[in-house]
Amino acid sequence: MYYVYAISSEKHNYIYVGLTHDLEVRIKRHNDGRERTTKHYKPFELIYSEVCETRPEARIREKYWKSGAGKEKLRKLRDSQK
């Protein structure tokens, strides 16, 4: 099983989308500053996640959420949670 997830920086206007097989560990790595691409934007909160059966399926979903339409939906979701 794989997870596609989106996290939002609590201090910056930044949303990161990724995929992993262990969601808890991955988010902890982001918040601990152990991921080079996100360490300058921590701390993060999880704003979205979905479960996929296979890595190729998860990769397709990750690509969608990284697209313009997907990012716009994530911004609306993040803003509605505030």
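Residues numbered from 1 in each chain as written. Predicted model: local features only at pLDDT ≥ 70, side-chain atom pairs only at ≥ 80, totals over all residues. Heavy atoms only, no water.

(A) Here's a closer look at the packing of helix 2 (residues 55-66) against helix 3 (residues 68-81). Helix 3 packs onto helix 2 with a crossing angle of 75° between their chain directions and a minimal axis gap of 4 Å. Compared by their axis directions, helix 2 and helix 3 come out roughly perpendicular. Packed against helix 2, whose contacting residues are Tyr64, Trp65 and Lys66, the element helix 3 presents Gly68, Ala69, Gly70, Lys71, Lys73 and Leu74 at the interface. Its residues assigned to classes, the contact of helix 2 with helix 3 comprises 4 nonpolar, 2 polar and 3 charged. (Axes fitted to C-alpha atoms, helices over the stretch in contact; angles between N-to-C directions. Helix = DSSP H or I, 4+ residues; strand = E, 2+ residues; numbered from the N terminus. Parallel < 35°, antiparallel > 145°, perpendicular 65-115°, else oblique. Contact = heavy atoms within 4.5 Å. Nonpolar A, V, L, I, M, F, W, Y, C, P; charged D, E, K, R; others polar.)

(B) View of the environment of tyrosine 48. Looking at where tyrosine 48 falls in the secondary structure, it is placed in strand 3 (residues 44-52). Looking at tyrosine 48, the relative accessible area reads 22%, which means it is partly exposed. When the C-alpha positions of tyrosine 48 and serine 67 are compared, they lie 15 Å apart, and in sequence the two are 19 residues distant. In contact with tyrosine 48, not counting residues within four places along its chain, are Val4, Tyr5, Ala6, Arg61, Trp65, Leu74 and Leu77. A polar contact is formed between the side chain of tyrosine 48 and the side chain of glutamate 50, at a distance of 2.6 Å. (Buried < 20%, exposed > 50% of the residue type's maximum accessible area, 1.4 Å probe, protein only. Polar contact = N/O pair within 3.5 Å; in protein donor to acceptor, adjacent residues only side chain to side chain.)

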